[in-house]
Amino acid sequence: MDLPLLVTTRIDPREVDKEAHNIDATYRYPLAFYEATLLHKNPKDVEHLMDLVASRLGSPLQYENLGFTHDTSNISGGPIVSSYKTLKTMMDKIDAQLKLAMLIRAVDDADVACKVLERHFLPDLLGNLRAFSKQTIRCPLCNTVYRRAPLKGVCPKCGGKLTLTVHKKSVEKYLEISKELSERYDLPYYLKQRITLIEKSIQSLFTNDKVKIKKLSDFF
Ligand SMILES: [Zn+2]
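Definitions and limits used
- Residues numbered from 1 in each chain as written.
- Predicted model: local features only at pLDDT ≥ 70, side-chain atom pairs only at ≥ 80, totals over all residues.
- Heavy atoms only, no water.
- Salt bridge = Lys/Arg side-chain N within 4 Å of Asp/Glu carboxyl O.
- Buried < 20%, exposed > 50% of the residue type's maximum accessible area, 1.4 Å probe, protein only.
- Helix = DSSP H or I, 4+ residues; strand = E, 2+ residues; numbered from the N terminus.
- Donors = N, O, S within 2.8 Å, 3.2 Å for Na, K, Ca; no water.
- Tetrahedral: all angles 85-135°; square planar, octahedral: opposite > 155°, others 65-115°.
- Domains from an automatic or database assignment.
- Pairing = 2+ DSSP bridges.

Remarks on the pattern of salt bridges
Phase 1 of the analysis: Under the defined criterion, the tally for this structure stands at 10 salt bridges.
Phase 2 of the analysis: Its salt-bridge partner being Lys-44, residue Glu-47 comes within 3.1 Å of it at the nearest N-O pair.
Phase 3 of the analysis: Accessibility expressed as a relative area gives 34% for Glu-47, which makes it partly exposed.
Phase 4 of the analysis: With a shortest N-O distance of 4.0 Å, Glu-172 and Lys-168 are connected by a salt bridge. Remark: Lys-168 and Glu-172 occur in helix α6 (residues 168-172); sequence separation between them is 4 residues, near one turn of the helix.
Phase 5 of the analysis: The exposure class of Glu-172 is partly exposed, given its relative accessible area of 29%.

What follows is the structure in structure tokens.
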């Protein structure tokens, strides 16, 4: 995941990521801040009220007297393993995220579900659908990768059994969860339609509509 590229023994706040300079260091927000929110003021215009770390750079205050709201006995204390890792299935992860969204009044949980679908699940489904059709064929015995399936049906090099590099399972992976979410939150019709279209594409890719499995009872 995130491999350290260099180790710094002395931290110079000017050298850290600029985003970290946006931490507000006041112990309390001033009344003027709340009044400004009611007027929908531009954040840049109230920046001076918030005592940002950015304005402390180069002075001794860049290291000390930083305000906080919740005390701790150990500054290194915190989650060692993130819940993204402890929660096993994608459904568990999504449920945990949506549960949090429901608890926070400022967050619209249906909108969260919508964004997860639009930005993660749908691009993943479409990407894998395309990857399945464009995939290469691999021989697990000698590890040769073929751009097209050899007509021989087996590996021309060693005669080994050929295998796919993108599987049906990874194409459909997020289909059910996407359908479930769109129903549960009654998401916009356009989004539901996109899911239906993707489902149809997946079905047309994996099921041959010329072959119909019939039972004897179908004829009577
Ligand atoms: Zn082979």
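That shown, we press on.
Some details on the coordination of the zinc ion
Phase 1 of the analysis: For the zinc ion, the full set of protein donor atoms is Cys-139 (SG), Cys-142 (SG), Cys-155 (SG) and Cys-158 (SG), at a range of 2.3 Å.
Phase 2 of the analysis: Classification of the site at the zinc ion as tetrahedral follows from its 4 donor atoms and the range of 105 to 113 degrees in their angles at the metal.
Phase 3 of the analysis: Each donor residue of the zinc ion belongs to the same chain, and together they define the spacing C-x2-C-x12-C-x2-C. Pair noted here: Cys-139 is in the loop between β1 (137-138) and β2 (145-146) and Cys-155 is in the loop between β2 and β3 (163-164), with a separation of 16 residues, a long-range link. For the residue pair Cys-139 and Cys-155, the accessibility class agrees, reading buried in each case.

Remarks on the domain arrangement of the protein
Phase 1 of the analysis: As assigned here, the protein comprises domain 1 (13-67) and domain 2 (84-206).
Phase 2 of the analysis: Relative to domain 2, the C-alpha centre of domain 1 lies at a distance of 41 Å.

As for the sheet that holds β1
Phase 1 of the analysis: Across the sheet, 3 strands lie side by side as β2-β1-β3; this open sheet has antiparallel pairing. A strand with exactly one partner marks an edge of an open sheet, and here the two such strands are β2 and β3.
Phase 2 of the analysis: Where β1 lies against β3, 2 bridges are found, and the strand directions are antiparallel. Considered in β3, the bridge of Ile-137 is made with Leu-164.

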